[in-house]
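Here is how the chains run, residue by residue.
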Amino acid sequence: MNSNTSYSKWYTILTYHTIGDYKVILPAGINTSVEVFRSHMDYLFRNDYQVVPLDEIVDHIIHAQKMDRKTLAITFDDGYEDHFLNAYPILKQYGFPATIFLTVKYIDGYWKSEKAKNGRIKALSNDQIVEMHEGGLVQFGSHCYSHRNLLAADEKQRIFEIRNSKLLLEKLVGEEVLFISYPFGAYDEGVKDIAGKTGYRAGFSVWNRKPDSFSIRRIPLHTRDHLARFKFKVTPLYTAMKSILRFI
Ligand SMILES: [Zn+2]
């Protein structure tokens, strides 16, 4: 990666985790209720936001082009069954494209979640992934193989997590998987380097001060992002303030 390359800094990519009406779910802050998620999408629709596929935003970032302030992309991390049951029908209703980052080990299985019903949440199945893929609205990226923190993994484990997840997902969806989001948003230069050499086009985290094409930042949303707060979080002002004040 050329350190002199300049990347566009002003862009909006939203990221969600579970979308559901769970009573209690842990870790706290990962869930967005169906009603709140619908209100977010409805706001974007009514206010003429252009929701575009993630690769369009990546093109702008890589070519350091200015983005229209009302253009954004939607992503989901982990790959829960509720992405298919709850989020997908709403995305279809508004015609909004999205990218789901899948952790391969959990496909067709369960995520552990303290306090959730039976201590677990169902992950997406192969069939649900294929159905969404064939629908044309949802793209898939890698969220690594086992969701381990890459900062705590050695070189061999990192390569396994980053490369095997790509190969297995490509087999499942039948096309190249070009994007990766790092579990817990955790990465370093070594992780970015492996992702680049493995053939990914871009890597996604949550927040960082010096984004480049392998540390693209996203805005996390959850159920406490009622409409007034959501409106603020999709403005360039939020991104600008966040780059000065980390705690917002
Ligand atoms: Zn995750």
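Just so it is clear, the structure is predicted and the values come from calculations on it, not from any experiment.

(A) Structural detail: the packing of helix α1 (residues 34-46) against helix α3 (residues 81-94). Where α1 meets α3, the axes come as close as 10 Å, and the angle between the chain directions of the two elements is 20°. Taken together, α1 and α3 sit at an angle that is classed as roughly parallel. Seen from above, α1 lies across α3 with right-handed handedness. Across the interface between the two elements, Val34, Phe37, Arg38, Met41 and Phe45 from α1 touch Asn86, Ala87, Ile90 and Tyr94 from α3. When its residues are assigned to classes, the contact of α1 with α3 shows seven nonpolar, one polar and one charged.

(B) Region of the structure containing unusual backbone geometry. Phi is positive for Asp108, close to 70°, though the residue is something other than glycine. With respect to the helices and strands, Asp108 occurs in the loop between β6 (98-102) and β7 (110-112). Overall, Asp108 belongs to the partly exposed group, with 14 C-beta atoms counted inside 10 Å. Positive phi is not limited to glycine here, since Phe184 has a value of about 60°. Residue position: Phe184 is located in the loop between β10 (179-181) and α6 (189-198). By the C-beta count within 10 Å, which is 14 here, Phe184 ends up partly exposed.

(C) View of the packing of helix α5 (residues 155-173) against α6. At a minimum axis separation of 10 Å, α5 and α6 run at an interaxial angle of 35°. Like other packed secondary-structure pairs, α5 and α6 cross with a definite hand, here right-handed. Only Val191, Ile194, Ala195 and Thr198 of α6 make contact with α5, whose side of the interface consists of Arg158, Ile159, Ile162, Arg163 and Lys166. Of the residues contributing to the contact of α5 with α6, the split by class is five nonpolar, one polar and three charged.

(D) Main features of the pairing of strand β9 (residues 138-142). Judged by how many residues are buried, β9 sits mostly within the fold: five of five residues are covered. Sheet topology places β6 next to β9; five bridges connect them, and they run parallel. Bridge pairing in β9 links Ala98 to Val138.

(E) Expanded view of the nonpolar core. Counting 54 residues, the largest nonpolar core has Ala98, Ile100, Leu102, Ala195 and Ala202 as its most contacted members. Among all residues touching Leu102, those that are not within four sequence positions of it are Gly79, Ile107, Leu124, Phe140, Ser142, His143 and Leu169.

(F) Summary view of the environment of Ile219. On the secondary structure map, Ile219 appears in strand β12 (residues 219-220). Taking the C-beta count within 10 Å as the criterion, Ile219 has 19 such neighbours and is therefore assigned partly exposed. For the pair formed by Ile219 and Thr75, sequence separation is 144 residues and the distance between their alpha carbons is 9.7 Å. Residue contacts for Ile219: discarding those within four places in its chain leaves Thr12, Ile13, Leu14, Thr15 and Lys233.

(G) Fine view of α6. Taken together, the buried positions of α6 are Val191, Lys192, Ile194 and Ala195. For α6, the arc enclosing every buried residue in end-on projection is 160°, short of the 170-degree limit, so these residues lie on one face. Set apart from the buried face of α6 by more than 90 degrees, the exposed residues are Glu189 and Lys197. In this fold, the buried residues of α6 make contact with α5, β10 and β11 (202-204). Following α6 by one or two positions, Gly199 has its phi on the positive side, about 105°.

Rules used throughout
- Residues numbered from 1 in each chain as written.
- Predicted model: local features only at pLDDT ≥ 70, side-chain atom pairs only at ≥ 80, totals over all residues.
- Axes fitted to C-alpha atoms, helices over the stretch in contact; angles between N-to-C directions.
- Helix = DSSP H or I, 4+ residues; strand = E, 2+ residues; numbered from the N terminus.
- Parallel < 35°, antiparallel > 145°, perpendicular 65-115°, else oblique.
- Left-handed = near helix turned anticlockwise from the far one by under 90°.
- Contact = placed C-beta atoms within 7 Å.
- Nonpolar A, V, L, I, M, F, W, Y, C, P; charged D, E, K, R; others polar.
- Buried ≥ 20, exposed ≤ 12 C-beta atoms within 10 Å, placed from the backbone.
- Pairing = 2+ DSSP bridges.
- Core = buried A, V, L, I, M, F, W, Y, C linked by C-beta atoms within 7 Å.
- Arc of directions from axis to C-beta.

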